[in-house]
Amino acid sequence: MIKTVSHGLFFMARKAINRFFSMFSRVKEKVIGVDKRIVVISMRKRSFRDRRKRLKQERIREQAEKKLEQRVGEVSVAEELEVNINYITKTLGDSGDLITRCFTVQATPDRKAAVMYIDGMADVRIVDQFVLSPAMTGIEILRTKGNLMELLQESFIQSGEVKVTSKMKQLIEALLYGDTLFFLDGENKGIIVGTKGWDQRGVDEPKTAAVIRGPREGFTENLRTNSALIRRRLQDPDLRLKSLTVGERTKTHLSLLYIEGVTDQAVVQEMEKRIDQISIDGVLESGYIEEMIQDNMWSPFPLIQNTERPDAVVAHLLEGKVALLVDGTPHVLIAPAVFAQFYYSPEDYYERYLVSSFLRFLRLGSLVIALLLPALYIAFVSFHSEMIPVKMAIAMAAGRAGVPFPSIVEGLVMEISVEVLREASTRLPGPIGPTIGIVGALVIGEAAVSAQLVSPLMVIVVGLTTISSYANPNYNAAISLRLLRFPLMIAAATLGLYGVMLLLLLIILHLVKLRSFGVPYMAPIAPLRWSDLKDSLVRVPWPFMKKRPKIFRPQDEKRQQGGDDSI
Amino acid sequence: MQETGRITGQQMAFILYCVVSSTGTLILPSLTGALAKRDLWISPIWGALVGLIALLLAFGLNRLYPGENIIQQAPRILGFYLGKFIGFFYLISLIILAGSNTYQYTEFIKTVFLPRTPEMVIMGSIIFVCGLAARGGVELLGRSAQFVTPIFILIFTILIILSIQAWDANNFFPVMEHGVLPSVRGGITQSLWFSELFLISFLFPFIIKGEKKMRWSLLSLFGVLLTLLLVNMSILAVFGIESHIYIFAFFKVTRYISYANFFEHLDAFSLATWILVIYVKIAFLIYITSLATAQWLHLSNYRPIVWPICLLAGGFGMWTAPTIFKLMTYLRSTGSCQFIVFLVIIPALLLLIAFFRKRMEVRAR
């Protein structure tokens, strides 16, 4: 009797407590991520706020589509030429750069035809020579009574990319993408002729991630040039290119590249799913996409890499990653990314292994300096001066003797002014750039010290920090570390070395928690993968890297013959 | 679902290593030194034997009731009421353990680095970080242990090598001057820390299937033994028989390092790395305490009670002892009894009962 009652009481209490706590706990759908054999890609956590946002996005998308429906809708091509021309002209709002050329097909003088294209978007030479000229003159020679539309399409339009459609929407989209439209009176179809050819920048040396040894080609703003640059280096029939469009108004074209049989299919699917969920009016740079598909949008660390170098993209593709090319920008996205790869340079694989390993150590060291040096300086000067070697302490005290500010103020002022300098010299027009350098060096370096506003050592610290942060080959990773420097300095000023360590612990916690498309961000260190350490801190000679990195879960692990038995 | 994360055997080994050797290198050498005197360095070996027993007990219980920890096993072995009672005892002991470790950490930071900072700030900040880690789950703990431990091992190895210049080999002799007894007495104190290896019981359910648990935990035990052995040796070699007068003895050793009049005061490095591993320990203790509490009460999720447990751990940290000396007296007397009972004797009894129960069940069939 007592047993049942107390049993019941216990379970009632348990239920009550459970209910009480469940009010505070958000029930999140967390997918198991197993460090060793990950099968499931972790989804982006969808909280309530996210769902609301998604609903809003869907509404916007619906509205945009409705707008397009209202304007173009399911209108199909009319039989009368005039109607079609008028319709398109009206849809584009009598645009000045829309060129319409009406003419008569010579073979049958009663049949009128028209060519429409947008000036500057279509290559006028192609339109004149291979579309207009054969249609106007060539047909005269042939006096067969065939279907003129078929004839035109099959033999007279001398272009590789020809498509017949009766959907007005499709025609207008093609027109806006630089193609030429061909209408024939009496036919309720239009021909799309591929004549894209706008002016563009040529293939140039990339401005970021410069190398001494390695290819000099960089991506351009043209999607097709970029994909060609990749294909030229990777003549593999298994290279897959999926075309996607994002942006309700800009209709930006994306290409998703991966190697079938190497890349983990789950990553490709996840990528497609995330891109599919994007609903935005315009995409002008890959940064838009990057922020919308990354796993954790609040993290200061980049979770997707970007590069301007086709050779780097190919190297990543061969490791089993996915590349995303965005039209209109030379920056190609690469996912998944791990923290370690942000201090790799493509040159590490071209230069001799000893040199590259040394350089990697150097970069890691400079990364630590860029993150910690000012904070450590402040901590030691204001809290733990007894820990500095005596002679150095005396020298430091002498330097700081006349300085009126505490070291944190000194440090913050100097760091911020260096950031301002950097920003100014980035934005300034080229010829004036050096002026900033001189003014900065004179005012901030020399004058501030001789006016005893800052100590000479602080100038050295700040200078070293700035230089170190530029030693990182990836700009976006470097800038996130530069940002983290400020909270670290404040922590150092409040709790000394202890504060620095605490904040560092928080950063480590955050880093260890992050994932990029299911791949732990700190891999191969945590979780540890011995075989992948061959290409992390050091880069072992190529003959020893017989397998692709396991952290990206490639379908085909072998990359060299005889890679079966070695680790 | 209480915990969905999984860890590898290696991560488990790293967590266990951190749990024992983080505070095991802090005040433990001084505690041991007071008892073992010149045989300070032998004591870890006795301690490791107890550690091995604790490990084997956890393995034995896990074999009989796989996929469960001691909180879940106890009601199955002893029946509902008695099992829950034992579980409650475990909860209290765990929280005292978490509290006393937090207190040791706080005292360490306060004495050595921030003498004028209120204890609340130091304690609160580390507990906050550890609470965040505990909420992140076992996966996060495993990975951060994996990230942090190599740094700790590297820097401690360097520090021990550098301290060789201050060593005096005469401090080791005569070995076992007063027989085995002093070193065994020190060993009992050491076993206080080594028996914490029993807490592997809480990690068993989360280890990926097919991992070599025994191998990794023995490696971990061996690593701990090696670390404590080296640390105690270096303390003995530098300070000799007076080693126990320093509370944080190994920290004092690192202060003795001086090369070329420039490489001195390397204690900052030891502090920095200590913070990293002690964080793993406190976070682990808070994590298992909240997990155990949730399991004891049959809650569906342990995460909401992490912050209350953090608060309690801070409170227990304040209450266990008013000063570090009181804490040391406590650990030498009542504490050692309590923890040995909690981590070795009760598990042993449980294993015995479970063993006979299983046998009786088989016979009944």
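Residues numbered from 1 in each chain as written. Chains lettered and ligands numbered in written order. Predicted model: local features only at pLDDT ≥ 70, side-chain atom pairs only at ≥ 80, totals over all residues. Heavy atoms only, no water.

### Regarding the overall build of chain B
Applied cut-off: Helix and strand assignments come from DSSP, with helices taken as H or I runs of at least 4 residues and strands as E runs of at least 2, each series counted from the N terminus. Relative accessibility thresholds used throughout: buried, under 20% of the residue-type maximum; exposed, over 50%; partly exposed, between the two (1.4 Å probe, protein chains only). Contact criterion: two residues are considered in contact whenever any of their non-hydrogen atoms come within 4.5 Å of each other. Only the protein chains shown count as cover for residues, and the accessible areas themselves come from Shrake-Rupley with a 1.4 Å probe. For the purpose of counting charges, residues Lys and Arg are taken to be positive, whereas Asp and Glu are taken to be negative. His and the chain ends are not included. Throughout, a charge is located at the NZ atom of Lys, the CZ atom of Arg, the CG atom of Asp or the CD atom of Glu.
Across its full length, chain B carries 13 helices and two strands. Split into buried and exposed, the 365 residues of chain B put 64% on the buried side. Relative to all contacts within chain B whose residues are 6 or more apart in sequence, the contacts with residues 24 or more apart total 83%. Carbon and sulfur atoms form 71% of the exposed surface of chain B, whose accessible area is close to 13500 Å². The centroid of the 26 positive side-chain charges in chain B is displaced by 12 Å from the centroid of its 14 negative side-chain charges.

### Some details on the overall build of chain A
If you tally the helices and strands in chain A, you get 16 helices and twelve strands. Taking all contacts inside chain A whose residues are at least 6 apart in sequence as the whole, residues at least 24 apart take part in 67%. Here chain A displays about 28400 Å² of accessible surface, and carbon together with sulfur accounts for 61% of that area.

### Regarding the packing of helix α11 (residues 267–296) of chain B against helix α12 (residues 306–320) of chain B
Residues and elements named next belong to chain B. Our working definition: Comment: axis = line fitted to C-alpha atoms, over the contacting stretch for helices; angle = value between 0 and 180 degrees taken between N-to-C directions. Convention used here: angles under 35 degrees read as roughly parallel, angles over 145 as roughly antiparallel, angles from 65 to 115 as roughly perpendicular, and any remaining angle as oblique. For a crossing to be left-handed, the near helix must be turned anticlockwise from the far one by less than a right angle; the clockwise case is right-handed. Side-chain classes are defined by residue name, with Ala, Val, Leu, Ile, Met, Phe, Trp, Tyr, Cys and Pro counting as nonpolar, Asp, Glu, Lys and Arg as charged, and the others, Gly among them, as polar.
Contact geometry for α11 and α12: axes closest at 9 Å, N-to-C directions at 120°. Considered as vectors, α11 and α12 are oriented oblique to each other. Between α11 and α12 lies a crossing of right-handed hand. Every residue of α12 that contacts α11 at I286, T289, S290 and T293 is listed here: V306, I309 and C310. Looking at the contact of α11 with α12 residue by residue, the classes come out as four nonpolar, three polar and no charged.

### What about the pattern of salt bridges?
For clarity, the cut-off: For salt bridges, the criterion is a side-chain nitrogen of Lys or Arg within 4 Å of an Asp or Glu carboxyl oxygen.
The final tally for this structure, using the stated rule, is 30 salt bridges over all chains. In this structure, R232 of chain A and E217 of chain A form a salt bridge, with 3.5 Å as the shortest nitrogen-oxygen distance. Residue R232 of chain A is found in helix α7 (residues 223–233), and its partner E217 of chain A is found in the loop between β5 (190–193) and α7; the two are separated by 15 residues along the sequence. Of the residues examined, R232 of chain A reaches a relative accessible area of 54% and is grouped as exposed. Under the relative-accessibility criterion, E217 of chain A is labelled partly exposed at 23%. With its nearest N and O atoms 3.0 Å apart, the salt bridge here joins E68 of chain B to R76 of chain B. Judged by relative accessible area, which is 14%, E68 of chain B ranks as buried. In this structure R76 of chain B comes out as partly exposed when scored by relative accessible area, which is 47%. By sharing partners, the salt bridges in this structure join E415, E419, R422, E423, R427, R482 and R485 of chain A into a single network.

### Overview of the sheet that holds strand β4 (residues 180–184) of chain A
Sheet strands pair via backbone hydrogen bonds, and the direction of the pair is either parallel or antiparallel. Residues and elements named next belong to chain A. The condition that has to hold: Strand pairing requires that DSSP identify at least two bridges connecting the strands.
An order of β1-β2-β4-β5-β3 is seen for the five strands of this open sheet, with the pairing classed as antiparallel. Both edges of this open sheet fall to β1 (98–104) and β3 (162–165), since each of them pairs with a single strand only. When strand polarity is set aside, the average angle formed by the axes of neighbouring strands in this sheet is 20°. In this sheet, β5 lies alongside β4 in antiparallel orientation, the contact comprising four bridges. Counted as the bridge partner of L181 is I192 from β5.

### Considering the environment of H510 of chain A
Residue and element names in this part refer to chain A. Mapping H510 onto the fold places it in helix α16 (residues 475–513). When its relative accessible area of 24% is taken as the criterion, H510 is described as partly exposed. Here the alpha-carbon distance between H510 and V268, two residues 242 residues apart in the chain, equals 26 Å. With sequence-adjacent residues up to four places away left out, H510 is seen in contact with N296, S299, P300 and F301.

### A closer look at empty space enclosed by the protein
Residues and elements named next belong to chain B. The test is simple: Only protein atoms enter the 1 Å grid used here, on which a cavity is any set of points holding a 1.4 Å probe that cannot leave and a pocket is any open set flanked by protein within 12 Å on both sides along at least five of seven lines; residues with an atom within 4 Å of a point are listed as lining. Grid points are joined across faces, edges and corners, and a volume is the space filled by probe spheres set on the points.
In the structure shown here, the tally under the stated rule is three cavities of 30 Å³ or more. L97, S100, N101, Q104, L192, W193, E196, L331 and F339 together form the lining of the largest cavity. Among the secondary structure elements, those contributing two or more residues to the lining of the largest cavity are α5 (80–112), α8 (181–194) and α13 (324–364). Considering every element that reaches the lining of the largest cavity, the biggest residue donor is α5, with four residues. Residue composition of the lining of the largest cavity, by class: five nonpolar, three polar and one charged.

### Structural notes on the sheet that holds strand β10 (residues 332–335) of chain A
All names here are of chain A. Judged by pairing direction, the sheet is antiparallel, and its five strands sit side by side in the order β6-β7-β9-β10-β8 without closing on themselves. For this open sheet the edge positions go to β6 (239–246) and β8 (305–307), each flanked by a neighbour on one side alone. Averaged over all neighbouring strand pairs, the angle between strand axes comes to 25°, with direction disregarded. Both strand β9 (residues 322–326) and β10 contribute to a ladder of three bridges, which runs antiparallel. Residue pairing across strands places L324 opposite L333, the latter belonging to β10. This element, α7, spans β6, β7 (252–259) and β9 of the sheet and lies at about 165° to β6. Together, β6, β7, β9 and β10 form the strand contacts of helix α8 (residues 265–276), whose direction differs from that of β7 by roughly 170°.

### Observations concerning the interface of chain B and chain A
The condition is simple: Buried area: the accessible surface (1.4 Å probe) lost by two parts on joining, summed over both. N or O atoms closer than or at 3.5 Å make up a polar contact, with two conditions inside protein: a donor-capable atom paired with an acceptor-capable one, and, for residues adjacent in sequence, both atoms drawn from side chains.
At the junction of the two partners, chain B supplies 51 residues and chain A supplies 44 residues. Across the chain B to chain A interface the summed buried area is about 4300 Å²; carbon plus sulfur atoms make up 71%. On the chain B side of the interface with chain A, the three residues burying the most area are Y81, R143 and F147 of chain B, jointly 15% of the side's total. Counting every contact that joins chain B to chain A gives one salt bridge. Between E139 of chain B and R515 of chain A there is a salt bridge; the shortest N-O distance is 3.6 Å. Run the count over chain B and chain A and you get five residue pairs in polar contact (both at pLDDT 80 or more). At the level of elements, α1 (9–24), α5, α6 (119–136), α7 (138–162) and α11 of chain B are the ones that each hand at least two residues to the side of chain B that touches chain A. By residue class, the composition of the side of chain B that touches chain A is 27 nonpolar, 14 polar and ten charged.

### Topic: unusual backbone geometry
The omega angle of the peptide bond from A335 of chain A to P336 of chain A is -10°, so this bond is cis rather than trans. Following the sequence through the fold, P336 of chain A ends up in the loop between β10 and α11 (353–382). Cis peptide bonds are those with omega within 30 degrees of zero, and the linkage from A526 of chain A to P527 of chain A qualifies with 0°. Although it is not a glycine, K37 of chain B sits at a positive phi angle of roughly 50°. For K37 of chain B, the location among the structural elements is in the loop between α2 (28–36) and α3 (43–64).

### Here we look at the nonpolar core
The following threshold applies: The set of buried Ala, Val, Leu, Ile, Met, Phe, Trp, Tyr and Cys residues whose side-chain atoms join them within 4.5 Å is what this entry labels a nonpolar core. Marked domain ranges trace back to an automatic or database domain assignment.
Core analysis: the biggest nonpolar cluster contains 192 residues, and Y498 of chain A together with I126, W274 and Y279 of chain B have the highest contact counts within it. Taken domain by domain, this core gets at least three of its residues from each of domain 3 (223–337) and domain 4 (350–520) of chain A. Ignoring any residue separated from it by four or fewer positions in sequence, one finds Y279 of chain B in contact with L505 and L509 of chain A together with I126, V129, C130, A133 and S144 of chain B.

### Focus: the confidence of the model for chain A
All names here are of chain A. Note the following rule: The predictor rates its confidence in each residue with pLDDT, a number between 0 and 100.
Looking at chain A, the pLDDT average stands at 82 and 87% of residues meet or exceed 70. Ranking the elements of chain A by mean pLDDT puts helix α2 (residues 48–71) last with 66 and β9 first with 94. Contacts of residues 26–47 to residues separated by more than four positions or lying in other chains number 56 contacts, the stretch itself having pLDDT below 50.

### Details of the packing of aromatic side chains
All names here are of chain B. Heads up, the rule is: Centre distance within 6.5 Å is the pairing criterion for rings of Phe, Tyr and Trp, where only the six-membered ring of Trp is used; planes under 30 degrees apart are then read as stacked, over 60 as edge-to-face, and the remainder as tilted.
What the rule picks out here adds up to 32 aromatic pairs over all chains. On the numbers, 5.9 Å between centres and 65° between planes, the contact of F113 with F251 is edge-to-face. With F113 in the loop between α5 and α6 and F251 in helix α10 (residues 249–256), this pair connects stretches of sequence that are 138 residues apart. Of the two residues examined, F113 and F251, each falls in the buried class. An angle of 45° between the planes, with centres 6.5 Å apart, marks the rings of F251 and W274 as tilted.

### Side note on a nonpolar patch on the surface
Residue and element names in this part refer to chain B. Formally: Patch membership requires more than 30% relative accessible area and the absence of a salt bridge. Residues of like charge join within 9 Å; the nonpolar side chains Val, Leu, Ile, Met, Phe, Trp and Tyr join within 5 Å.
A grouping of V341, I345, L349, L352, I353, F355 and F356 is seen on the molecular surface, where their side chains present a nonpolar patch of about 600 Å² in accessible area. Structurally, F356 is set in helix α13. By relative accessible area, F356 is classed as partly exposed at 45%.

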